[in-house]
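Structural overview for review
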Amino acid sequence: MKKQVSRRQFLKGGLAAAAAATLPLGLVEVSWGKNNPKNFTFAYISDSHLTHIKGTEFVRNFDKGLKKAVMECNFMSPKPDFVVFGGDLAQLGKKEEIDHGLEIMSRLRHKVKWVVGEHDFYLDMGEYWQKKVSPLYYSFDHKGVHFVVLNSILTYDEWVNRWSSPMERMLNMARLDNPNGSPFMVKEEQIQWLKKDLKAISKDTPIVVMSHSPLYKIFKPWNFWTEDAEEVQSVLAPFQKVTVLHGHVHQILYNQIGNISFQAMMSTAWPWPYPVSYKQKPNQVPKLTVFMNRADPFKERDATGWSILNLEDGRVTNHYKLWENKDRILKYDKEKGHLVDMEYQDPSKRIPPQTHY
Amino acid sequence: MRTILALMVLLGVSWCGFAGADEFTKEDLKKWESEFMSVVKKGEALFHSSSLGKNKVSCDMCHPNASNTHPETYPKFQKQLGKVVGLRDMINWCIQNPLEGETLKADDPKMIALEAYITYERRGVPLAPGKH
Ligand SMILES: [Fe+2]
Ligand SMILES: [Fe+2]
């Protein structure tokens with residue numbers, strides 16, 4: 001009964017908010033295919049970082065981000081086939097935080113596929129997550145597309161075991177710029193599983209891999225990085241249409257390596273700077289990416305958001321729903337063989353807020 | 001006369017007895033550098049701790065390695081405040097808003113430490129006052 005009330009209150013608040021700020025979803029409706037049954041739509045919410053303060057208190061700002069994404073997903077028309085949560089539901093992997101996240105996510109009217117993030121994992125090494133939320137890695141088929149969820153935030157056993165308490169380990173993994181950090185890995189066991197999982201899949205079947213960390217190397221000091229990314233890429237290389245969707249970087253980021261298109265999802269909590277704006281260490285930020293606008297800190301939802309993903313002809317078109325900015329659309333360009341931003345890809349079209357320094 | 005002479009002798013002694021303003025040794029440099037770095041370290045610790053605020057949020061959550069803080073551009077016109085402000089005003093704004101904490105005085109050693117860390121992480125970047 002208690003849950004009923006909170007759900008109704010939530011919807012009431014949601015409707016009021018929706019009336020105040022019209023949802024520009026019409027744009028997407030036009031493009032998602034009704035003629036081709038293999039074209040479909042799903043939504044992606046990521047990196048909510050719900051942070052427990054004490055008792056029943058959580059950081060208000062981060063709660064608001066996730067609630068807003070959930071509310072907007074519920075207003076999608078036509079409905080998405082499912083919603084993916086991209087990891088980092090919690091900030092310090094606490095039961096309170098994961099439970100709080102599940103409570104907010106339970107208001108979604110759609111099925112959820114879960115990806116685990118390092119902030120959900122390193123307190124108890126994924127125990128509570130597996131019990132209450134989801135397996136850590138799995139695959140499923142949907143309308144002719146093979147989806148694979150990987151746990152890409154594993155690391156060296158030596159690092160895992162070096163700490164005096166689980167919370168010390170969690171805090172050290174949670175600090176992005178930690179000089180005592182450790183790189184993310186998929187690890188051999190999962191790579192073997194992936195090989196087996198893909199064995200029976202024909203090479204022209206579209207593959208969508210969902211991981212928390214990017215399955216390529218951008219900037220090791222902040223773990224925008226997966227140590228054994230090349231091994232995973234080589235398993236995916238024989239397939240004709242491969243998309244990797246990831247969270248963790250809290251920014252618009254995309255790349256193309258061979259046949260694999262990579263796309264990052266926004267965080268609902270806060271944006272992260274591009275590694276190009278840290279001047280003491282070199283980075284490998286993909287040249288292909290047109291950066292998001294620099295965030296205005298006075299607008300707490302700026303440079304955060306979520307994504308509507310449209311599966312068209314086996315490729316993922318990404319409609320970034322940005323709350324204080326114009327939406328951005330990423331689409332695979334067949335001629336060019338990589339993703340392009342529908343508005344800003346041409347360097348002459350870019351605007352001053354996209355300059356990060 | 002005697003007094004003046006005596007004074008001169010005294011001053012002369014003092015000139016010989018102490019190093020002048022432009023005379024310092026490698027040891028001095030090392031010491032000053034380590035004094036500075038100890039304040040940078042304090043700033044780094046504050047920047048990464050939730051002690052400045054009241055909601056467990058810390059500066060590094062949005063600014064890893066103090067990036068995207070642009071210390072070289074201050075003072076500058078901060079459009080959201082409608083006036084020219086210094087870096088410390090923005091540090092205090094962040095403490096008050098995302099961190100829900102209380103502002104620091106300009107000469108608070110914590111403020112100096114935060115400025116030292118933020119600026120140190122930006123070393124080598126040319127000054128660009130006023131740049132947005
Ligand atoms: Fe995250
Ligand atoms: Fe993460």
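Here the structure is a predicted model, which is why all the values come from computation and not from measurement.

Next up on the list: the sheet that holds strand S10 (residues 254-257) of chain A. Residues and elements named next belong to chain A. Spatially, the six strands line up as an open sheet ordered S6-S7-S8-S9-S11-S10, and their pairing is mixed. The open sheet is flanked by strand S6 (138-142) and S10, the only strands paired with a single partner. Geometrically, the sheet is characterised by an average inter-axis angle of 20° between neighbouring strands, direction not taken into account. Across four bridges, S10 lies against strand S11 (residues 260-264) in antiparallel orientation. Directly across from glutamine 256, in S11, lies its bridge partner serine 261. The sheet contacts of helix H9 (residues 188-199) involve S6, strand S7 (145-149) and strand S8 (207-211), and relative to S7 the element is tilted by about 165°.

Time to look at the nonpolar core. A:Leu198 and A:Leu236 are the most contacted members of the largest nonpolar core, which totals 73 residues. Counting residues per element, this core draws most heavily on helix H4 (residues 109-120) of chain B, which supplies six residues. Core analysis: the second largest hydrophobic core is formed by 57 residues, A:Met76, A:Phe147, A:Met173 and A:Met210 among them.

It is worth spelling out the environment of B:Pro98 at this point. Within the secondary structure, B:Pro98 is located in the loop between helix H3 (87-96) and H4. For the pair B:Pro98 and B:Asn55, spaced 43 residues apart in sequence, the C-alpha separation works out to 8.6 Å.

What follows deals with the interface of chain A and chain B. Counting residues at the interface gives 24 residues for chain A, matched by 31 residues for chain B. The largest share of the area that chain A buries against chain B comes from A:Gln280, A:Phe298 and A:Tyr357, three residues that together contribute 29% of it. There are two salt bridges connecting chain A and chain B. Our enumeration of links across chain A and chain B arrives at 15 residue pairs in polar contact (both at pLDDT 80 or more). Of all the secondary structure elements, the ones that give two or more residues to the side of chain A that touches chain B are strand S2 (52-54) and helix H3 (60-74) of chain A. Split into classes, the residues belonging to the side of chain A that touches chain B amount to 13 nonpolar, five polar and six charged.

Coordination of the iron ion (ligand 2) by the protein comes from A:Asp88 (OD), A:Glu118 (OE), A:Glu118 (OE), A:His212 (NE2) and A:His248 (ND1), over a distance range of 2.2 to 2.6 Å. Counting residues between consecutive donors of the iron ion (ligand 2) along the chain gives the motif D-x29-E-x93-H-x35-H.

All names here are of chain A. Only Asp47 (OD), His49 (NE2), Asp88 (OD) and His250 (NE2) from the protein reach the iron ion (ligand 1) as donors, at distances of 2.0 to 2.3 Å. Coordination geometry of the iron ion (ligand 1): the four donor atoms subtend angles of 88 to 175° at the metal centre, consistent with an arrangement described as irregular. Each donor residue of the iron ion (ligand 1) belongs to the same chain, with the gaps between them written as D-x1-H-x38-D-x161-H. The distance between the iron ion (ligand 1) and the iron ion (ligand 2) comes to 3.4 Å, with aspartate 88 serving as a donor to both metals. Assigned by exposure class, aspartate 47 and histidine 49 land together as buried.

Attention shifts here to the UniProt feature "domain: Calcineurin-like phosphoesterase" (unreviewed entry) in chain A. Per the UniProt record, "domain: Calcineurin-like phosphoesterase" (unreviewed entry) is found at residues 41-251 of chain A. Taken end to end, residues 41-251 of chain A is 33% helix and 17% strand, and its first and last C-alpha atoms sit 21 Å apart.

Turning to the layout of surface pockets, a few remarks are in order. Considering only enclosed or pocket space, the second largest pocket measures out at about 490 Å³ in volume. Counting only elements with at least two residues in the lining of the second largest pocket, the list comes to helix H8 (166-174) of chain A together with helix H2 (26-47) and H4 of chain B. Residues that form the lining of the second largest pocket fall into these classes: twelve nonpolar, nine polar and nine charged.

A few words now on the packing of H2(B) against H4(B). Residues and elements named next belong to chain B. Relative to each other, H2 and H4 sit at 95°, their axes nearing to 7 Å. As the angle between them shows, H2 and H4 are arranged roughly perpendicular. Each of Phe36, Met37, Val39, Val40, Lys42, Gly43, Glu44, Leu46 and Phe47 in H2 lies in contact with H4, whose residues at this interface are Lys110, Ile112, Ala113, Leu114, Ala116, Tyr117, Ile118 and Tyr120. Per-class residue counts for the contact of H2 with H4 are 13 nonpolar, one polar and three charged.

Residue and element names in this part refer to chain A. Under the defined criterion, the tally for this structure stands at 26 aromatic pairs over all chains. On the numbers, 5.8 Å between centres and 90° between planes, the contact of tryptophan 114 with tryptophan 129 is edge-to-face. Taken together, the positions of tryptophan 114 in strand S5 (residues 112-114) and tryptophan 129 in helix H6 (residues 127-132) put the pair 15 residues apart, joining distant regions of the chain. Assessed through its relative accessible area of 9%, tryptophan 114 is described here as buried. Taking the relative accessible area as the measure of exposure, tryptophan 129 reaches 0% and is therefore buried. With centroids separated by 5.0 Å and ring planes inclined at 75°, the aromatic side chains of phenylalanine 121 and tyrosine 122 adopt a geometry described as edge-to-face.

Rules of the game
- Residues numbered from 1 in each chain as written.
- Chains lettered and ligands numbered in written order.
- Predicted model: local features only at pLDDT ≥ 70, side-chain atom pairs only at ≥ 80, totals over all residues.
- Heavy atoms only, no water.
- Pairing = 2+ DSSP bridges.
- Helix = DSSP H or I, 4+ residues; strand = E, 2+ residues; numbered from the N terminus.
- Axes fitted to C-alpha atoms, helices over the stretch in contact; angles between N-to-C directions.
- Contact = heavy atoms within 4.5 Å.
- Core = buried A, V, L, I, M, F, W, Y, C linked by side-chain atoms within 4.5 Å.
- Buried < 20%, exposed > 50% of the residue type's maximum accessible area, 1.4 Å probe, protein only.
- Buried area = accessible area lost by both parts, 1.4 Å probe.
- Salt bridge = Lys/Arg side-chain N within 4 Å of Asp/Glu carboxyl O.
- Polar contact = N/O pair within 3.5 Å; in protein donor to acceptor, adjacent residues only side chain to side chain.
- Nonpolar A, V, L, I, M, F, W, Y, C, P; charged D, E, K, R; others polar.
- Donors = N, O, S within 2.8 Å, 3.2 Å for Na, K, Ca; no water.
- Tetrahedral: all angles 85-135°; square planar, octahedral: opposite > 155°, others 65-115°.
- UniProt positions renumbered as here; feature names shortened; annotations may be inferred.
- 1 Å grid on protein atoms, 1.4 Å probe; cavity = no way out; pocket = protein on both sides within 12 Å on 5 of 7 lines; lining within 4 Å.
- Points joined across faces, edges and corners; volume = space filled by probe spheres on them.
- Parallel < 35°, antiparallel > 145°, perpendicular 65-115°, else oblique.
- Phe/Tyr/Trp six-rings, centres within 6.5 Å; stacked < 30°, edge-to-face > 60°.

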